[in-house]
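This is what each chain is made of:
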Amino acid sequence: MRTFQRHDRKPCCCWRFLLLFLLIHANIYLSIGQKYQLNIVSGAAEKGAVCLDGSSPGYYFSPGFGSGLNKWIVYIEGGAWCNSDGDCANRANSFLGSTKIFGPPSSAAPTTGILSDNPGVNPDFYNWNVAWVRYCDGASFLGDRDEPVVSQGQTIYYRGARVWDAIMEDLKGKGMAVAEEALLAGCSAGGLTTIHRCSSFRDVLPPQTLVKCFADAGFFLDIPDLRGGQNSANYYHGVAVTHNVMGNLDSVCTSSRAPDAQWECIFAHNVLPYVRAPIYILQSTLDSWQLQTLVGPKWMDPTGEWNSCVNNMMTCNSTLLSAIRGYQRKMVEDIGSGSAEERGEFVISCLAHCMSADNNRWSGHGGKFTIRGKTMQQSFGDWFYGRSLEDVLLVDEPSSVNPTC
Ligand SMILES: *[C@@H]1O[C@H](CO)[C@@H](O)[C@H](O)[C@H]1NC(C)=O
């Protein structure tokens, strides 16, 4: 206030403020994205491999160093899906449908958890190459339609599968083709991508490369909603049909179904048994996104009782509590089990959605987010390197809440 008059003398002062404002913001972006450089895949558009809005796909890249020079994490960004032409038209004008649009700082490529370069937080992967793939197709990189669609005046391209192939080619050219070790990972919609793309990720790399996959919060259930309806099934049916994903789902799964039921192979539980590479499932049995979006979306919960029940189970009445218990049991049942070499699991009963790119959850800071005393970082690292197979199938009791949440 004291300096206001002085500044006011010059008519140009507001421009100075604007400049200062821009500099401060540019700085914030730089410090968040310091580790990464955006790589737009060259030549992708010519091959028809484009984001929803027709822009070229891309990923953020951070080079490996030391013993990690030849090791690669490909981490797939999450962000739900679009399930109709109208929904996808809106998405095409957002950072989840275009690489020309940048999201809020909170959506920037994380440098935390399994993506951290701090060996204290991330001892096994801190010095690896990281490619953080921008999620820009709206269907977990599974869609494929030749002809663009016009909706609400927006031309939309459903080309997730071509985008996937273009990104894999580009990464191979950047050095991944000779990786010693490679990990495909992702959370939420990116966790679902990881489950669907794990086998083909194995196939694009040389046989001598150690290849494993890590799906965080990629299990979305086909479960009745609060009103006994099929909200979840309708949602994923919309995604599958809008993007025409059927040709990119596991063929063992689709070939055992009638044509009009093949879309069901988009659900993780229907394809996990056919994944042809070792995969580790990190999942909450109290997945906050699913409970609040698929099981009991806002429009089914006008009084907010479900929402408060999900956030504080002490407030649940018996009907709502049994819906939560049913969800937990189905999650554990659907994930199933496998041999510890081929399948790792950390299935925790904590209200959470994504966990691997969070410093505290990943490293179990203060004993939090642990199962039988093991952190997800320890369990996953042991499994990845086969150091110990003792605590790599960790599953909480399905009708419990983990005391370390
Ligand atoms: C619990 O709350 C829900 C939502 O308000 C309601 O539909 C249900 O009937 C209630 N159940 C009991 C046993 O009161």
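- Where an unreviewed UniProt entry is consulted, the protein chain appears under the name Pectin acetylesterase, with the organism given as Riccia sorocarpa.
- Taken directly from UniProt, the Subcellular location (unreviewed entry) text for the protein chain runs: "Secreted, Cell wall".

Topic: the sheet that holds strand β4 (residues 129-133)
Sheet strands pair by backbone hydrogen bonding; their relative direction is either parallel or antiparallel.
And then number 1: Reading across from one edge, β1-β2-β4-β3-β7-β8-β9-β10-β13 is the order of the nine strands in this open sheet, with mixed pairing throughout. Of all the strands in the sheet, the pair left with one neighbour each is β1 (37-40) and β13 (393-395). Pairwise comparison of adjacent strand axes, ignoring direction, gives a mean angle of 20 degrees for this sheet.
And then number 2: Across three bridges, the pairing between strand β10 (residues 343-352) and β13 is parallel. For valine 347, the partnering residue across the bridge sits in β13 and is valine 395.
And then number 3: Docked against the sheet, helix α5 (residues 189-204) engages β3 (71-76), β7 (181-187), β8 (210-216) and β9 (279-287), running at close to 155 degrees with respect to β7.

Let's talk about helix α11 (residues 318-335)
And then number 1: Its 18 residues place the ends of α11 26 Å apart at the C-alpha level, agreeing with the 26 Å of an ideal helix rising 1.5 Å per residue.
And then number 2: Here α11 has its buried residues at Leu320, Ile324, Tyr327, Gln328, Met331, Asp334 and Ile335. The arc that holds the buried residues of α11, viewed along the axis, is 140 degrees, so those residues lie on one side. Among the exposed residues of α11, those oriented more than 90 degrees off its buried face are Ser318, Thr319 and Glu333.

What to know about the state of the cysteines
And then number 1: Counted according to the given criterion, the structure contains seven disulfides.
And then number 2: The residue that forms a disulfide with cysteine 350 is cysteine 405, at a sulfur-sulfur distance of 2.1 Å. Looking down the S-S bond of the cysteine 350 and cysteine 405 bridge, the torsion is -95 degrees, so its handedness is left-handed. Of this pair, cysteine 350 sits in strand β10 while cysteine 405 sits in the segment after β13, placing them 55 residues apart in sequence.
And then number 3: For cysteine 350, a relative accessible area of 1% corresponds to the buried category.
And then number 4: Residue classification places cysteine 405 among the partly exposed positions, given a relative accessible area of 33%.

Quick word on α5
And then number 1: Its 16 residues give α5 an end-to-end C-alpha distance of 22 Å, which sits within 8% of 22 Å, the value for a rise of 1.5 Å per residue.
And then number 2: The sharpest bend along α5 reaches about 55 degrees and sits at arginine 197.
And then number 3: Among the 16 residues of α5, 13 are classified as buried, and the element is accordingly described as predominantly covered.

A look at the pattern of salt bridges
And then number 1: Scanning the model with the defined rule gives 13 salt bridges in all.
And then number 2: Notably, a salt bridge pairs glutamate 169 with lysine 172, separated by 3.4 Å at the nearest N-O pair. In this pair, glutamate 169 and lysine 172 both sit in helix α4 (residues 160-173), three residues apart, roughly one turn of the helix.
And then number 3: Glutamate 169 sits in the partly exposed class, given a relative accessible area of 47%.
And then number 4: Note that aspartate 382 and lysine 374 form a salt bridge whose closest N and O atoms lie 3.0 Å from each other.
And then number 5: Residue class for aspartate 382 comes out buried when judged on its relative accessible area of 12%.
And then number 6: Take lysine 374: its relative accessible area is 17%, and that puts it in the buried class.
And then number 7: Members of the salt-bridge network, linked through shared partners, are Asp124, Lys374, Asp382 and Arg387.

Here's the deal with the packing of helix α6 (residues 231-243) against helix α9 (residues 288-295)
And then number 1: It is at 9 Å that the axes of α6 and α9 come closest, and there the two elements cross at 90 degrees. It follows that α6 is roughly perpendicular to α9 by the angle criterion. For the pair α6 and α9, the contacting residues are Asn231, Ser232, Tyr235 and Tyr236 in the first and Trp289, Thr293 and Leu294 in the second.
And then number 2: Each residue belonging to the contact of α6 with α9 can be placed in one class, and the counts come to four nonpolar, three polar and no charged.

Looking at the packing of aromatic side chains
And then number 1: A complete count under the given rule lists 30 aromatic pairs for this structure.
And then number 2: Judged by centre distance (5.0 Å) and plane angle (85 degrees), the rings of tyrosine 280 and phenylalanine 380 are edge-to-face. Of the two residues, tyrosine 280 is situated in strand β9 and phenylalanine 380 in helix α13 (residues 376-385); the sequence distance between them amounts to 100 residues.
And then number 3: On the basis of relative accessibility, which here comes to 0%, the residue tyrosine 280 falls in the buried class.

Details of the site of the ligand
And then number 1: Looking at the ligand, the residues that line it are Glu305, Asn317, Ser318 and Thr319.
And then number 2: With respect to the ligand, the side chain of glutamate 305 contributes an N or O atom lying 2.9 Å from an oxygen atom.
And then number 3: At 2.6 Å from a nitrogen atom of the ligand is found a side-chain nitrogen or oxygen belonging to threonine 319.
And then number 4: Notes on the ligand: free accessible area 360 Å², of which the protein chains cover 44%.

Parameters and conventions
- Residues numbered from 1 in each chain as written.
- Predicted model: local features only at pLDDT ≥ 70, side-chain atom pairs only at ≥ 80, totals over all residues.
- Heavy atoms only, no water.
- UniProt positions renumbered as here; feature names shortened; annotations may be inferred.
- Pairing = 2+ DSSP bridges.
- Helix = DSSP H or I, 4+ residues; strand = E, 2+ residues; numbered from the N terminus.
- Axes fitted to C-alpha atoms, helices over the stretch in contact; angles between N-to-C directions.
- Contact = heavy atoms within 4.5 Å.
- Expected span 1.5 Å × (residues − 1).
- Buried < 20%, exposed > 50% of the residue type's maximum accessible area, 1.4 Å probe, protein only.
- Arc of directions from axis to C-beta.
- Disulfide = S-S within 2.5 Å.
- Bend = angle between axes of the 7 residues up to and from the residue.
- Salt bridge = Lys/Arg side-chain N within 4 Å of Asp/Glu carboxyl O.
- Parallel < 35°, antiparallel > 145°, perpendicular 65-115°, else oblique.
- Nonpolar A, V, L, I, M, F, W, Y, C, P; charged D, E, K, R; others polar.
- Phe/Tyr/Trp six-rings, centres within 6.5 Å; stacked < 30°, edge-to-face > 60°.
- Near = heavy atom within 4 Å.
- Polar contact = N/O pair within 3.5 Å; in protein donor to acceptor, adjacent residues only side chain to side chain.
- Areas by Shrake-Rupley, 256 points an atom, 1.4 Å probe, with all protein chains shown as cover.

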